[in-house]
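Results of the structural survey
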Amino acid sequence: QVQLVESGGGLVQPGGSLRLSCAASGSIFNINLMGWYRQAPGEQREFVASITSGGTTNYADSVKGRFTISRDNAKKTVALQMNSLKPEDTAVYYCNVNIYGRDYWGKGTLVTVSS
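Predicted model, so just to flag it, every value in this text is computed and none were measured.

Moving on to unusual backbone geometry. The backbone phi angle of Lys 76 is positive, close to 60°, even though this residue is not glycine. Inspection of the secondary structure puts Lys 76 in the loop between strand 7 (67-72) and strand 8 (77-82). In this structure, Ser 84 takes a positive phi of about 50° despite not being glycine. Among the secondary structure elements, Ser 84 is positioned in the loop between strand 8 and strand 9 (91-99).

Our next topic: the pattern of salt bridges. Close approach of charged atoms allows side chains with opposite charge to pair. Per the stated rule, a full pass over the model turns up 4 salt bridges. Glu 46 is the partner of Arg 38 in a salt bridge, and the nearest nitrogen-oxygen pair spans 2.8 Å. The partner of Arg 66 in a salt bridge is Asp 89, and the shortest N-O contact between them spans 2.8 Å. Of this pair, Arg 66 sits in the loop between strand 6 (57-59) and strand 7 while Asp 89 sits in the loop between strand 8 and strand 9, and the two are 23 residues apart along the sequence. By the burial criterion, Arg 66 is buried, and Asp 89 matches it.

Here we take up the pairing of strand 7. Burial along strand 7 is one-sided: the residues Phe 67, Ile 69 and Arg 71 are buried and none of Thr 68, Ser 70 and Asp 72 is. From the end of strand 7 to the start of strand 8, which pair antiparallel, there are 4 residues, and Lys 76 there has a positive phi angle of about 60°.

Let's shift gears to the state of the cysteines. Within this structure, the stated rule accounts for 1 disulfide. Across a sulfur-sulfur distance of 2.1 Å, Cys 22 and Cys 95 are joined as a disulfide pair. One quick way to see it: the torsion about the S-S bond of Cys 22 and Cys 95 is about -85°, and its sign makes the bridge left-handed. Of this pair, Cys 22 sits in strand 3 (residues 18-25) while Cys 95 sits in strand 9, and the two are 73 residues apart along the sequence. Each member of the pair, Cys 22 as well as Cys 95, carries the same accessibility label: buried.

What counts and how
Residues numbered from 1 in each chain as written. Predicted model: local features only at pLDDT ≥ 70, side-chain atom pairs only at ≥ 80, totals over all residues. Heavy atoms only, no water. Helix = DSSP H or I, 4+ residues; strand = E, 2+ residues; numbered from the N terminus. Salt bridge = Lys/Arg side-chain N within 4 Å of Asp/Glu carboxyl O. Buried < 20%, exposed > 50% of the residue type's maximum accessible area, 1.4 Å probe, protein only. Pairing = 2+ DSSP bridges. Disulfide = S-S within 2.5 Å.

Laid out in structure tokens, this is it:
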């Protein structure tokens, strides 16, 4: 069984920072792509950032320069450091991993940016 558990969401003021983490559990190996998506109320889920097993990263234009994605292959975790947060970053953030050609999703963690 593949389990993805996100953590680190919460309430933060504009300009503040949060760090999200996602841990993949089970007998899982050879995780190719790991990433983060988000979904704001009434909107479609959108891509935020991804990182390959080799460390190549991609970011949505809206978060470039503010967010940083990283991974620990041994621990099978992926993190998203979010700085200079804006109200428009408010959303449920979902962890996504690709294992042996299949996609898996976490349950999501809520990030609220408000004063």
